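# Observations on the model geometry
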2 protein chains.
Amino acid sequence: MNIDKSLISGSTAMMVLKLLSEKDMYGYEMIEVLRERSQNVFELKAGTLYPLLHGLEGKGMLTSYEKDAGNKIRKYYSITRQGRKLLEEKKGEWEIYSKAVASVLGIVPV
Amino acid sequence: MNIDKSLISGSTAMMVLKLLSEKDMYGYEMIEVLRERSQNVFELKAGTLYPLLHGLEGKGMLTSYEKDAGNKIRKYYSITRQGRKLLEEKKGEWEIYSKAVASVLGIVPV
DNA sequence: TGACTTATATCGACCATCTATATATACTTA
DNA sequence: TAAGTATATATAGATGGTCGATATAAGTCA
C-alpha cells in the first residue's frame, strides 16, 4: 500500500498500545499483526517500532521480559495500567481528530 | 482543543487544498475557516501555514495574486488543476488510512 | 496610549518516521 | 553446501511536518 508516510504520524503508538492491550507480543509480531489487521496499509518498519517500544517502556507504559521460544529468545512487551490509560486517551483524540478531518472534507458522518 | 500535535501531520495540506477547491482565500482566512469547520479542533499556526502555502505554490498546486481589501493588501491563493488532482489523491489516501486505523482499533465501520 | 486583532513571513527546534546498517539464527532451495 | 530469504532486535543519521518565537505593519477599541 502506498499511503503518504506523513499521514501516518502519532497514531503508531496508539495502535501498538491497542495490540498489547489484547495480549503480550514481541516486536516482530506487532509488525505482522499490524499489517494483517490493516489489510496491508500499515507496513511499520523495525527502525520505527523498536525505538518507539523503548520509549514507551521508559515512560512506564510498557514492561518487557524475555521468553524462550523453542530456539530463539524473544522479547515480549506487556502493557501497564498507565499504558491502558494512555491508550484510552489516544483513542479519544483519534475520534475527535478524524471527525474533524471528515468535517473539513465535507464527508457526511455516517 | 488539545489534540496531540503529532496526530495532526500530513493532512494539513489536504485540508488547505480542500478549502481552496471551494473558493480563493488568503492565508489568515484559511486559519479561521479551518478552525470553524473543525469545531475548534484545528488551530493551524501561521508558522505552519505560510511555508506550506509557499511550498504548494512552488510545486504548481496553487497560484497567488494580491488583492486590495479596502485598506489592506491581501494575498489570495487559487488552486490549480494539478492541485485538484492532488486533493483527490490525498482524500483517497485519507479514507484508506482512517479505515485502517479503525480496523486496528476494532472500531466497527459504520 | 496601550493592548489586541488582522495579516504575512522567517527561523530554529522538536519529534515521528524512514532508510541504512549491524548482528545473529533459522529455514529454504538450488 | 552455499546462497538467499525470513525471523528478530537494535542503533545512527536523514528527512519532513509542525510548532513557538520573533519580526513587521496597519487597524480597532477601551
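Here, every reference points to the structure presented above.
First things first, this report covers the structure right here in the doc. (Residues numbered from 1 in each chain as written. Chains lettered and ligands numbered in written order. Predicted model: local features only at pLDDT ≥ 70, side-chain atom pairs only at ≥ 80, totals over all residues.)

### Looking at the protein's contact with DNA strand D
Neighbouring DNA strand D are 27 residues; A:Tyr26, A:Gly27, A:Gly47, B:Thr12 and B:Gly47 lie closest to it. Going through the elements one at a time, α2 (27-37), α3 (46-58) and β3 (72-79) of chain A together with α1 (11-22) and α3 (46-58) of chain B are the ones with two or more residues in the surface near DNA strand D. (Near = placed C-beta within 6 Å. Helix = DSSP H or I, 4+ residues; strand = E, 2+ residues; numbered from the N terminus.)

### Notes on the sheet that holds strand β1 (residues 25-26) of chain B
All names here are of chain B. Strand order in the open sheet formed by three strands is β1-β3-β2, and the pairing between neighbours is antiparallel. Looking at the sheet topology across the chains shown, the edges are occupied by β1 and β2 (62-69). Here eight bridges tie β2 to strand β3 (residues 72-79), and the two strands are oriented antiparallel to one another. Bridge assignment links Ser-64 to a residue of β3, and that residue is Tyr-77. Contacts between α1 and the sheet are confined to β1, β2 and β3, with β3 contributing the most and set at about 100° to the helix. Those strands touched by α3 are β2 and β3, and its axis lies near 125° from that of β2. (Pairing = 2+ DSSP bridges. Contact = placed C-beta atoms within 7 Å. Axes fitted to C-alpha atoms, helices over the stretch in contact; angles between N-to-C directions.)

### What about the packing of α1(B) against helix α2 (residues 27-37) of chain B?
Residues and elements named next belong to chain B. Between α1 and α2, whose axes approach to 11 Å, the crossing angle comes to 100°. Relative to α2, the element α1 lies roughly perpendicular. Where α1 approaches α2, its residues Met-15, Val-16 and Leu-19 are matched on the opposing element by Met-30, Val-33 and Leu-34. Each residue belonging to the contact of α1 with α2 can be placed in one class, and the counts come to six nonpolar, no polar and no charged. (Parallel < 35°, antiparallel > 145°, perpendicular 65-115°, else oblique. Nonpolar A, V, L, I, M, F, W, Y, C, P; charged D, E, K, R; others polar.)

### Some details on the protein's contact with DNA strand C
Around DNA strand C, the surrounding shell holds 28 residues, and the nearest of these are A:Thr12, A:Gly47, A:Thr48, B:Tyr26 and B:Gly27. Put simply, the parts of the chain that give the surface near DNA strand C at least two residues each are α1 (11-22) and α3 of chain A together with α2, α3 and β3 of chain B. Looking at side-chain class alone, the surface near DNA strand C contains 11 nonpolar, 11 polar and six charged residues.

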